[in-house]
Amino acid sequence: MIEELVEAIGQKNPRQRRPVEAALSTLHDEERRDLSAWVRHALSRGNSATSLAAAYDLVVRDTLREQVYFRRHGRYRHTSFADVASDVYFSPVYMQQYMEGLALTGFFWENHVVLRRFLLHALARLPRVRRYLEVGPGHGLHLAAAARLGCAESFEAIDLSPTSVALCNDLLTSGALGALPAVHVREADFLGADVDGPFGIVVMGEVLEHVERPDLFLVRARELLSDGGHLLCTTCIDAPAIDHIRHFRSVEEVEALLFDAGLDVIERCVLPHPGLSLAEAAAQRLAVNVGFVARTRPRA
Ligand SMILES: C[S@@+](CC[C@H](N)C(=O)[O-])C[C@H]1O[C@@H](n2cnc3c(N)ncnc32)[C@H](O)[C@@H]1O
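In this text the structure is predicted, and so the values were computed from the model without any measurement.

Moving on, we get to the domain arrangement of the protein chain. Domain boundaries in the protein chain define domain 1 (2-107) and domain 2 (109-296). Contacts between the two partners involve 34 residues from domain 1 and, on the opposite side, 26 residues from domain 2. Elements with a contribution of two residues or more to the side of domain 1 that touches domain 2: α3 (29-44), α4 (49-73), α5 (81-84) and α6 (92-108). Looking at side-chain class alone, the side of domain 1 that touches domain 2 contains 17 nonpolar, 9 polar and 8 charged residues.

Every regular strand shows the same layout, with side chains that alternate between the two sheet faces. Strand β7 (residues 288-296) sits mainly inside the fold: 8 of its 9 residues count as buried. Of the strand pairs in this sheet, strand β5 (residues 225-237) and β7 are connected by 8 bridges, and their pairing is antiparallel. In the sheet register, L231 faces β7, and the bridge partner there is A294. The pairing of strand β6 (residues 263-272) with β7 spans 9 bridges and is antiparallel. Looking across to β7, one finds that L271 is bridged to N289.

The next point concerns the site of the ligand. The full set close to the ligand counts 20 residues, and G136, G138, S161, S164 and G205 are the nearest of them. Its residues assigned to classes, the shell around the ligand comprises 10 nonpolar, 7 polar and 3 charged.

On the basis of which strands lie adjacent, the open sheet formed by 7 strands has the order β3-β2-β1-β4-β5-β7-β6 and mixed pairing. Each edge of the open sheet is held by one strand with a lone partner, namely β3 (183-187) and β6. Shown here is a sheet whose adjacent strand axes are inclined to one another by a mean of 15°, direction ignored. Pairing between strand β4 (residues 199-205) and β5: 6 bridges, direction parallel. Looking at the pairing, F199 lines up with L225 of β5.

As a further point, take the environment of G101. With respect to the element layout, G101 can be found in helix α6. Contacts of G101, omitting those with residues within four sequence positions, involve A55, Y56, L58 and V59.

What follows covers helix α10 (residues 214-224). The set of residues buried in α10 consists of P214, F217, L218, A221 and R222. For α10, the angular spread of the buried residues around the axis is 135°, confining them to a single face.

Take the packing of helix α7 (residues 110-125) against helix α8 (residues 141-149) next. Axis separation between α7 and α8 bottoms out at 10 Å; the angle between their running directions is 25°. Relative to α8, α7 is oriented roughly parallel. As α7 runs across α8, the sense of the crossing is right-handed. Across the interface between the two elements, R116, L119, L120, L123 and A124 of α7 pack against H142, A145, A146 and L149 of α8. Here the residues of the contact of α7 with α8 sort into 7 nonpolar, 1 polar and 1 charged.

As a further point, take the nonpolar core. Core analysis: the largest hydrophobic core is formed by 94 residues, its most contacted members being A146, V202 and L232. Shared between two domains, this core holds at least three residues of each, these being domain 1 (2-107) and domain 2 (109-296). The contacts of V202, once residues within four sequence positions are left out, are L133, V135, A221, L224, L225 and L231.

Two elements in contact, helix α1 (residues 2-12) and helix α2 (residues 17-26), have axes separated by 9 Å at closest approach and are oriented at 155°. Here α1 is positioned roughly antiparallel relative to α2, judged by the angle of their axes. Seen from α1, the contacting residues are I2, V6, I9 and G10; seen from α2, they are R17, V20, E21 and L24. Residue composition of the contact of α1 with α2, by class: 5 nonpolar, 1 polar and 2 charged.

Procedures and definitions
Residues numbered from 1 in each chain as written. Predicted model: local features only at pLDDT ≥ 70, side-chain atom pairs only at ≥ 80, totals over all residues. Domains from an automatic or database assignment. Contact = placed C-beta atoms within 7 Å. Helix = DSSP H or I, 4+ residues; strand = E, 2+ residues; numbered from the N terminus. Nonpolar A, V, L, I, M, F, W, Y, C, P; charged D, E, K, R; others polar. Buried ≥ 20, exposed ≤ 12 C-beta atoms within 10 Å, placed from the backbone. Pairing = 2+ DSSP bridges. Near = placed C-beta within 6 Å. Axes fitted to C-alpha atoms, helices over the stretch in contact; angles between N-to-C directions. Arc of directions from axis to C-beta. Parallel < 35°, antiparallel > 145°, perpendicular 65-115°, else oblique. Left-handed = near helix turned anticlockwise from the far one by under 90°. Core = buried A, V, L, I, M, F, W, Y, C linked by C-beta atoms within 7 Å.

Below you can see the structure in the form of structure tokens.
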């Protein structure tokens with residue numbers, strides 16, 4: 001199954017064959033099993049190896065195009081939610097391809113593989129909590145893995161894209177990643193949503209760079225967390241993409257937002273563009289992926 005997908009990716013874009021094969025050779029057994037299970041699930045939902053390869057290629061090409069724009073102009077193409085909402089989040093065809101392609105980057109892009117490990121290892125180590133909330137689960141792979149880990153008694157998620165909500169519900173109820181507890185996935189904008197806390201864990205994977213006011217997102221997350229609760233988030237620096245509207249320029253900038261929201265970073269995962277040091281990536285303004293585990297600071 002994976003071999004068929006790699007073959008289709010190679011057919012679609014020959015330059016991707018070797019990097020994808022190299023990435024596959026580094027996956028742990030459980031990651032390979034998850035990839036196989038997810039591909040089988042996607043195929044059972046009407047995809048073919050060719051359409052999944054096209055989804056992966058869409059993300060690769062969109063990212064390259066935005067990198068070229070970024071190098072030329074020194075900024076991301078879009079800066080407001082309105083710039084991207086209808087073409088991305090509310091376009092069912094585009095969003096489905098995008099989320100499926102993004103799910104595959106979690107197995108094929110070195111930094112995404114490591115960030116996924118960082119998130120799941122942290123979830124496995126944290127004390128089990130009563131309630132877990134995920135914001136922007138997208139394809140739903142992290143959400144399903146968290147539910148499988150059983151890091152909470154109950155699981156909820158919020159995503160503003162109807163396509164993401166449908167993808168999550170499909171995956172969660174499919175049994176593809178094993179029998180999972182019920183997860184309530186809501187379609188809403190996190191900032192406008194009527195949500196009752198407290199939660200012991202809030203997860204935001206690759207969301208802060210997608211919103212106009214990440215500061216308000218983090219403040220809202222802090223409000224919803226119990227004292228002693230944890231926020232797990234990933235984001236990126238100098239990393240253009242079609243729907244990245246908040247351009248973070250340094251790790252410190254993101255950490256300052258977390259601190260100002262009342263969240264103390266207790267673990268970080270900083271991943272410069274593969275092959276570069278952080279200083280080299282910063283000097284060349286090449287992407288840096290970051291992940292944080294932050295604990296709520298007691299309210300004054
Ligand atoms: C890039 S995907 C991230 C998917 C997954 N969490 C990951 O780490 O790969 C971003 C997701 O956040 C959702 N999102 C963006 N803005 C949001 C908002 N204001 N409220 C809730 N979800 C939002 C998008 O619809 C999309 O599903």
